[in-house]
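# Coordinates in review
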Amino acid sequence: MSESQAWDDVDDYFTTHLAPNDEALEAALRDSAAAGLPDVAVTPSQGKFLHLLAQIQGARTILEIGTLGGYSTIWLARALPADGRLISLEYSARHAEVATRNIARAGLDALVQVRVGPALESLPKLADENPAPFDLVFIDADKSNNPHYLEWALRLTSAGSLIVVDNVVRQGRVADAHSTSPDVLGSRAAIELIGSHPRLTGTALQTVGSKGHDGFALARVLA
Ligand code: SAH
Ligand code: DHB
Ligand code: MG
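The name that an unreviewed UniProt entry assigns to the chain is O-methyltransferase, with the source organism given as Streptomyces cylindrosporus.

## A short note on helix H3 (residues 44-57)
With 14 residues, H3 extends 20 Å between its outermost C-alpha atoms, agreeing within 8% with the 20 Å of an ideal straight helix rising 1.5 Å per residue. For H3, every residue scored as buried is listed here: Pro44, Gln46, Gly47, Leu50, His51, Leu53 and Ala54. Positioned one or two residues after H3, Gly58 has a phi angle of 65°, which is positive.

## Some points on the site of ligand 1
With respect to spatial proximity, 20 residues lie near ligand 1, and among them Gly66, Ser72, Glu90, His95 and Asp140 are the closest. At 2.9 Å from an oxygen atom of ligand 1 is found a main-chain nitrogen or oxygen belonging to Val42. Interatomic distance of 3.3 Å between a side-chain N/O atom of Tyr149 and a nitrogen atom of ligand 1. Within the complex, the protein chains bury 87% of what would otherwise be the 580 Å² of accessible surface of ligand 1. Cavity membership is defined here by more than half of the atoms lying within 2 Å of grid points; on that basis ligand 1 lies in the largest pocket. Here the shell around ligand 1 is built from residues that sort into 11 nonpolar, five polar and four charged.

## Structural notes on the nonpolar core
Grouped together as the largest cluster of nonpolar side chains are 33 residues, with contacts concentrated most on Ile62, Leu76, Leu108, Leu136 and Phe138. Elements that contribute at least two residues to this core include exactly helix H2 (23-34), H3, helix H4 (71-77), helix H5 (93-105), strand E4 (136-139) and strand E5 (162-165). Broken down by element, the residue count for this core peaks at five residues, all from H4. Not counting the four nearest positions on each side in its chain, Leu108 is found in contact with Ile74, Ala77, Arg78 and Ile103. The next biggest cluster of nonpolar side chains, apart from the first, holds 28 residues, and it includes Leu63, Ala119, Ala127 and Leu156.

## Observations concerning the pairing of strand E6 (residues 200-209)
Summarising the sheet, E6 and strand E7 (residues 212-221) pair through 10 bridges and their orientation is antiparallel. In the sheet register, Val208 faces E7, and the bridge partner there is His213. Where E6 hands over to E7, the hairpin turn is made up of two residues, counted between the paired strands.

## Considering the coordination of the magnesium ion (ligand 3)
Distances from the magnesium ion (ligand 3) to its protein donors, namely Asp140 (OD), Asp166 (OD) and Asn167 (OD1), fall within the range 2.0 to 2.1 Å. Sequence spacing among the residues donating to the magnesium ion (ligand 3) works out to D-x25-D-N. Taken together, the residues Asp140 in the loop between E4 and helix H7 (146-155) and Asn167 in the loop between E5 and helix H8 (182-196) connect sequence positions 27 residues apart.

## Here we look at the side chain of Arg115
Among the secondary structure elements, Arg115 is positioned in strand E3 (residues 112-116). Once residues lying within four places of it in the same chain are set aside, the contact partners of Arg115 are Arg85, Ile87, Ser88, Leu89, Glu90, Leu126 and Glu129.

## Some remarks on the site of ligand 2
Every residue close to ligand 2 is listed here: Val40, Asp140, Lys143, Asp166, Asn167, Arg170 and Lys211. Between ligand 2 and Asp140 there is a distance of 2.6 Å, counted from an oxygen atom to a side-chain nitrogen or oxygen. Between ligand 2 and the protein, one listed contact pairs an oxygen atom with a side-chain N or O atom of Lys143 at 3.0 Å. Taken by itself ligand 2 offers 290 Å² of open surface, and the protein chains cover 69% of this.

## Some words on the packing of aromatic side chains
Within this structure, the stated rule accounts for two aromatic pairs. The interplanar angle of 45° and the centroid separation of 5.9 Å between the aromatic rings of Tyr13 and Phe14 together place this pair among those described as tilted. Pairing Phe49 with Phe216 gives two aromatic rings, centres 5.4 Å apart and planes at 35°, and the pair type is tilted. Of this pair, Phe49 sits in helix H3 while Phe216 sits in strand E7, and the two are 167 residues apart along the sequence. For Phe216, a relative accessible area of 4% translates into the label buried.

Rules and cut-offs
- Residues numbered from 1 in each chain as written.
- Chains lettered and ligands numbered in written order.
- Predicted model: local features only at pLDDT ≥ 70, side-chain atom pairs only at ≥ 80, totals over all residues.
- Heavy atoms only, no water.
- Helix = DSSP H or I, 4+ residues; strand = E, 2+ residues; numbered from the N terminus.
- Expected span 1.5 Å × (residues − 1).
- Buried < 20%, exposed > 50% of the residue type's maximum accessible area, 1.4 Å probe, protein only.
- Near = heavy atom within 4 Å.
- Polar contact = N/O pair within 3.5 Å; in protein donor to acceptor, adjacent residues only side chain to side chain.
- Areas by Shrake-Rupley, 256 points an atom, 1.4 Å probe, with all protein chains shown as cover.
- 1 Å grid on protein atoms, 1.4 Å probe; cavity = no way out; pocket = protein on both sides within 12 Å on 5 of 7 lines; lining within 4 Å.
- Sits in = over half its atoms within 2 Å of the grid points.
- Nonpolar A, V, L, I, M, F, W, Y, C, P; charged D, E, K, R; others polar.
- Core = buried A, V, L, I, M, F, W, Y, C linked by side-chain atoms within 4.5 Å.
- Contact = heavy atoms within 4.5 Å.
- Pairing = 2+ DSSP bridges.
- Donors = N, O, S within 2.8 Å, 3.2 Å for Na, K, Ca; no water.
- Phe/Tyr/Trp six-rings, centres within 6.5 Å; stacked < 30°, edge-to-face > 60°.

In C-alpha cells form, the structure reads like this:
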C-alpha cells in the first residue's frame, strides 16, 4: 500500500467514526462542487478539530478569514452558543453567495455573517466597528497575506484568544528557506511571527490525510 493510500484509509476510518458529514455538511460540499468552487475545504476530521478547539476555547465570537463555500464555517459556528457570532471574510462574491446558502441550510444564518471583499479591506472596517475581542480567529485565505492577517488578528483579540492558521506545511515546502513562492513566504513569515511576537505563544503540527501533507499553526494570545 502506498503511503498516501494509508493516509486516505486512516482519514476515512477516523471520519466514519468521529466526524461524519451530516446532511448540511454534505450538501455544502455538493453545492460548492456544483458551483465550481475549488475542492480545498478542510477535511471532515479537520472540521471536527476546529469545532472542538472552538468548544474547548469556550468561543462566543469567531472570526474566519477565507470562507469558500462555508464548510469550515459550519463546523466552527456549530460550536457557538445560541447568542454567539461568527464573521467570515471572503474575497469572492460567488464563493460568499454559495457559502451564505450553505450556512442558511445548516440553520446558522442567525449566528454567521459573511462579508465580501479583500480581507485586508474588510479587517480595518471591522476594527472601526470596535467589536468585542474575538475568542478564536481561523486564518485560511490567501497564504501570502498570512503575516498581515496575524497582525490584524492580534488587534481584534485579547489575552486568551486562539488563532489558528491553516495550510502552513504545503507538502513540506514551508521548510524551504530558499523558496520564492508567495504562499511559502507568507506561511514562513506567519510561523516566525508567532515564534517571535511578545504577545503570542504557539506551535504548529503537521497533518497527513486526504488533503496530503499539510498542517495547522496554533497561537495563543498572551496579553
Ligand atoms: N475555510 C474554507 C476554505 C477557504 S479556501 C474551508 O476550509 O471550508 C480560501 C478562500 O479564501 C477562497 O474562497 C478564496 O476566495 C478566499 N480568499 C482569497 N484571497 C482572499 C482575500 N484577499 N480576502 C478574503 N478572502 C480571500
Ligand atoms: C489549498 C488548500 C487549502 O486548505 C486552502 O485554504 C487553500 C488552498 C490548496 O490545496 O490549494
Ligand atoms: Mg485551508
